[in-house]
Amino acid sequence: MVFAIFSHALKMIFTDLGATARISLPLIVVIVVQILLFGTMQPSQAQFNPMDAALQILAAIASLWVAVAWHRYVLLVERPERALPRLHVREMFHYFLWGLGLTLIMWLPTMIILLVGVSADAFGPGLAILVAVVMLVMAWVGARLSVVLPAAAIDQPLGLSAAWHATRPFAIGLIGLAILIVLMSAALGWLSLLLFLAVPIAGAAILGAVQWLITLLMLSILTTLYGVYVEERELT
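Below, the structure is looked at part by part. (Residues numbered from 1 in each chain as written. Predicted model: local features only at pLDDT ≥ 70, side-chain atom pairs only at ≥ 80, totals over all residues. Heavy atoms only, no water.)

Considering the overall build of the protein chain
1) Next: If you tally the helices and strands in the protein chain, you get ten helices and zero strands.
2) Next: Along the protein chain, helices and strands appear, N-terminal first, in the series α-α-α-α-α-α-α-α-α-α.
3) Next: If one aligns the C-alpha atoms of the protein chain with their principal axes, the spans along those axes are about 55 × 50 × 35 Å.
4) Next: Within the protein chain, buried positions represent 40% of all 236 residues.
5) Next: Within the protein chain, counting contacts between residues at least 6 apart in sequence, those at least 24 apart form 76% of the total. (Helix = DSSP H or I, 4+ residues; strand = E, 2+ residues; numbered from the N terminus. Buried < 20%, exposed > 50% of the residue type's maximum accessible area, 1.4 Å probe, protein only. Contact = heavy atoms within 4.5 Å.)

What follows is the structure, encoded as structure tokens:
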């Protein structure tokens, strides 16, 4: 089932590249701007400036816009009528809140353990191992609960307990899926970084393409998990 979900999510991106490009256009624009502004910089030249912060905010808005549009395209067959996808502000806001909530659920226990360990002057190998284990467990918990995001995108609210129950059949499979995603991201990321160091502008373009692909792949996996385990659809 792990490979079936992974391959289905990947195929989803390339089945209709025209629709994929239109839906992800806000993200593509932000990535292109980043490449044009910073693609020719050497790592030693990159310094923080207000433009960085503005681009990060634009990237966050574009990501929310694309995420909601992508979920709705797959689950509701809401195709883009123009060059840009429809802007669902209310659903984007709910998506943001759920994303923030999931982030807190995943990171709060780790931060508490770190703060207690540092305050007690107990930082060492034991604490480092404990933090790593807690981070892995909470990442798994976050993955189990992440189907609340597609639900928010299509305006079908789903509680945390319902999300936890729905993903129970794939609880172990999520570990294998996470390993596949990490391996693919790491391989593409390292290749892109090596190219960036050799030919900055070409490497920056490849890094941008990898960012676009990984973002859509994660959204497609979330959409597939929601469709299969919440709506009980069959993989095709």
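Structural notes on the packing of aromatic side chains
1) Next: Across all of its chains, the model carries three aromatic pairs by this definition.
2) Next: Ring plane angle 20° and centroid distance 5.5 Å describe the contact between Phe170 and Tyr229, whose orientation is recorded as stacked. Of this pair, Phe170 sits in the loop between α8 (160-166) and α9 (173-198) while Tyr229 sits in helix α10 (residues 200-230), and the two are 59 residues apart along the sequence. An identical accessibility class is assigned to Phe170 and Tyr229; each is buried. (Phe/Tyr/Trp six-rings, centres within 6.5 Å; stacked < 30°, edge-to-face > 60°.)

Some details on the layout of surface pockets
1) Next: Roughly 1,000 Å³ of volume is contained in the largest pocket.
2) Next: Met106, Ala139, Gly142, Ala143 and Met218 are the residues nearest the centre of the largest pocket, which is lined by 31 residues in total.
3) Next: Broken down by secondary-structure element, the contributors of at least two residues to the lining of the largest pocket are α4 (50-76), α5 (89-119), α6 (125-145), α9 and α10.
4) Next: Its residues placed into classes, the lining of the largest pocket shows 25 nonpolar, six polar and no charged.
5) Next: Within this model, the second largest pocket holds a volume of roughly 380 Å³.
6) Next: Lining the second largest pocket are 17 residues, and of these His8, Met12, Val74, Arg233 and Thr236 lie nearest its centre.
7) Next: Among the elements of the structure, α1 (2-14), α4 and α10 are those that each provide at least two residues to the lining of the second largest pocket.
8) Next: Top contributing element to the lining of the second largest pocket by residue count: α10, with four residues.
9) Next: Tallied by class, the residues present in the lining of the second largest pocket amount to seven nonpolar, six polar and four charged. (1 Å grid on protein atoms, 1.4 Å probe; cavity = no way out; pocket = protein on both sides within 12 Å on 5 of 7 lines; lining within 4 Å. Points joined across faces, edges and corners; volume = space filled by probe spheres on them. Nonpolar A, V, L, I, M, F, W, Y, C, P; charged D, E, K, R; others polar.)

Quick word on a nonpolar patch on the surface
1) Next: Together, Phe93, Phe96, Leu97, Leu100 and Leu104 make up an exposed nonpolar region whose accessible area comes to about 470 Å².
2) Next: With respect to the secondary-structure elements, Leu100 resides in helix α5.
3) Next: Here Leu100 falls in the partly exposed class, since its relative accessible area comes to 41%. (Patch = residues over 30% accessible without salt bridge, like charges linked within 9 Å, V, L, I, M, F, W, Y side chains within 5 Å. Areas by Shrake-Rupley, 256 points an atom, 1.4 Å probe, with all protein chains shown as cover. Salt bridge = Lys/Arg side-chain N within 4 Å of Asp/Glu carboxyl O.)

Section: α1
1) Next: The terminal C-alpha atoms of α1, which comprises 13 residues, lie 19 Å apart, in line with the 18 Å expected from a rise of 1.5 Å per residue.
2) Next: Regarding α1, the residues found buried are Val2, Ile5, Phe6, His8, Ala9, Met12 and Ile13. Here the buried residues of α1 occupy an arc of 165° about the axis, which is enough to place them on one side. (Expected span 1.5 Å × (residues − 1). Arc of directions from axis to C-beta.)

Some words on the environment of Val89
1) Next: Summarising the element assignment, Val89 is placed in helix α5.
2) Next: Under the relative-accessibility criterion, Val89 is labelled exposed at 56%.
3) Next: Val89 sits 25 residues away from Leu64 along the chain, and the two C-alpha atoms are 9.3 Å apart.

Some words on the pattern of salt bridges
1) Next: A full pass over the atoms with the stated rule returns five salt bridges.
2) Next: Close ionic contact of Arg79 with Asp16 constitutes a salt bridge, the shortest N to O distance being 2.9 Å. Note that Arg79 is positioned in the loop between α4 and α5 and Asp16 in the loop between α1 and α2 (17-23), a separation of 63 residues in sequence.
3) Next: Within the structure, one salt-bridge network assembled from shared partners comprises Arg90, Glu91 and Asp155.

Read these as layout, nothing more, since geometry by itself doesn't imply function.
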